[in-house]
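Take a look at the letters that make up each chain.
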Amino acid sequence: MRSHAGEALTDSKGWPGYFFLGLGLLLLGLTLVAAGYGFEGWAWIAGPACIVSFVVGAVLVMLERKRVRNVEGTSLREPRGH
């Protein structure tokens, strides 16, 4: 077992990052549907919002993982594997 199994559920400080990743998926669907039905204006609004949401979510998740690893004194990459 990995040393951080279930970390996403127990550590609520990482939830904003997961929220933004979920929002990015929702916006991706909105972008594809809007583009498919010919609503170009909505596609041009939702597309960049999707990209921004994915980037913000990934950065927040990585910063939280780095914070947890620094508290424990380990690096981001575990040499043990799984």
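Below you will find a few notes about this structure.

The rules we used
Residues numbered from 1 in each chain as written. Predicted model: local features only at pLDDT ≥ 70, side-chain atom pairs only at ≥ 80, totals over all residues. Heavy atoms only, no water. Helix = DSSP H or I, 4+ residues; strand = E, 2+ residues; numbered from the N terminus. Buried < 20%, exposed > 50% of the residue type's maximum accessible area, 1.4 Å probe, protein only. Areas by Shrake-Rupley, 256 points an atom, 1.4 Å probe, with all protein chains shown as cover. Salt bridge = Lys/Arg side-chain N within 4 Å of Asp/Glu carboxyl O. Patch = residues over 30% accessible without salt bridge, like charges linked within 9 Å, V, L, I, M, F, W, Y side chains within 5 Å. Contact = heavy atoms within 4.5 Å. Expected span 1.5 Å × (residues − 1).

1. Here we look at the overall build of the protein chain
Helix and strand counts for the protein chain stand at 3 helices and 0 strands. Moving toward the C terminus, one meets the helices and strands of the protein chain in the order α-α-α. By the burial criterion, 24% of the 82 residues in the protein chain qualify as buried. When the accessible area of the protein chain is evaluated, it comes to approximately 6200 Å², of which 72% is carbon and sulfur surface.

2. Quick notes on the pattern of salt bridges
The full count for this structure, using the stated rule, is 1 salt bridge. Here Glu64 makes a salt bridge to Arg67, at a shortest N to O gap of 2.7 Å. Pair noted here: Glu64 and Arg67 are both in helix H3 (residues 40-72), with a separation of 3 residues, about one helical turn.

3. Some words on a nonpolar patch on the surface
On the surface, Val33, Tyr37, Phe39, Trp42 and Ile45 cluster together into a nonpolar patch covering about 650 Å² of accessible area. In this structure Trp42 comes out as exposed when scored by relative accessible area, which is 55%.

4. Some details on the side chain of Glu64
Looking at Glu64, the relative accessible area reads 11%, which means it is buried. Setting aside residues no more than four positions away along its own chain, Glu64 makes contact with Asp11, Lys13 and Gly14.

5. Considerations on H3
With 33 residues, H3 should reach 48 Å at 1.5 Å per residue; the first-to-last C-alpha distance of 48 Å fits that figure. Taken together, the buried positions of H3 are Ala43, Ala46, Gly47, Cys50, Ser53, Gly57, Val61, Glu64, Val68 and Arg69. Gly73 occupies a position one or two residues after H3 and carries a positive phi of about 80°.

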